Amino acid sequence: MTRSAGTSSERGSRRRLANLLLPETDRRDVAPASSGLRRLRETWGRRRAEIWLGTRFEVRSEHLWFGVSRADRALLRGVPGEMMLALHDVTAVETEPGVVTGIVAVHHERGVLRFRCWRADRVAAEVAAAARATR
């Protein structure tokens with residue numbers, strides 16, 4: 001995922017609200033412990049390590065664009081105003097269950113990008129179609 005301070009003029013879909021899982025904070029990347037209380041403690045710690053950023057997102061012709069909310073930029077120093085993932089790097093797109101909203105998991109060459117949004121199934125299909133169109 002690339003991070004950029006500039007704004008692109010290209011347009012794809014309309015902008016929608018989402019919560020983006022900040023890279024390097026995903027609890028799924030940590031192997032679970034083997035026993036009872038230790039597993040519970042580690043799972044709680046991993047869940048607390050997740051940081052979901054409030055964003056707007058848009059599927060553009062060449063990339064998936066996320067604009068981070070001003071509130072999250074003010075609270076979390078060093079978070080850029082926008083983030084992008086090149087669609088030609090996308091290898092697979094799937095949905096995961098979530099509470100209230102679904103989660104779109106975008107697999108790419110360097111890992112997995114996850115974000116929560118309304119109508120996750122439709123968004124995942126849109127991202128997958130846009131990624132196929134860039135090949």
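For the structure itself, consult the block above.
This text gives an overview of the structure that appears in the document. All values reported here derive from a predicted model rather than from experimental measurement.

In terms of helices and strands, the chain carries three helices and eight strands. Going residue by residue from the N terminus, the α and β elements of the chain occur as β-β-α-β-β-α-β-β-β-β-α. Put simply, the chain has 135 residues, and 40% of those count as buried. For the chain, long-range pairs separated by at least 24 residues make up 52% of all intrachain contacts whose partners lie at least 6 apart in sequence. Of the roughly 8100 Å² that the chain leaves accessible, carbon and sulfur atoms contribute 52%.

The next subject is the pairing of strand β3 (residues 52-59). Where burial is concerned, most of β3 is hidden: six out of the eight residues are buried. Taken together, the six bridges between strand β2 (residues 16-21) and β3 define a ladder with antiparallel strand orientation. Directly across from N19, in β3, lies its bridge partner G54. Examined bridge by bridge, β3 and strand β4 (residues 63-68) share five bridges and lie antiparallel to one another. Each bridged residue has a counterpart across the sheet, and for E58 the counterpart in β4 is W65. What sits between the antiparallel neighbours β3 and β4 is a turn of three residues.

Residue position: R114 is located in strand β8 (residues 111-117). Put simply, R114 and I103 are 11 residues apart on the chain and 6.5 Å apart in space, counted from C-alpha to C-alpha. Polar contacts involving the side chain of R114 include one to the side chain of E96, which spans 3.1 Å.

Once that is clear, we can look at unusual backbone geometry. In the Ramachandran plot, V100 falls in the positive-phi region, its phi being about 70° despite a non-glycine side chain. When you line up the elements, V100 lands in the loop between β6 (90-96) and β7 (102-108). Notably, R119 is not glycine yet its phi reads approximately 55°, a positive angle. Structurally, the position occupied by R119 is in the loop between β8 and α3 (120-133).

Calculation rules
- Residues numbered from 1 in each chain as written.
- Predicted model: local features only at pLDDT ≥ 70, side-chain atom pairs only at ≥ 80, totals over all residues.
- Heavy atoms only, no water.
- Helix = DSSP H or I, 4+ residues; strand = E, 2+ residues; numbered from the N terminus.
- Buried < 20%, exposed > 50% of the residue type's maximum accessible area, 1.4 Å probe, protein only.
- Contact = heavy atoms within 4.5 Å.
- Areas by Shrake-Rupley, 256 points an atom, 1.4 Å probe, with all protein chains shown as cover.
- Pairing = 2+ DSSP bridges.
- Polar contact = N/O pair within 3.5 Å; in protein donor to acceptor, adjacent residues only side chain to side chain.

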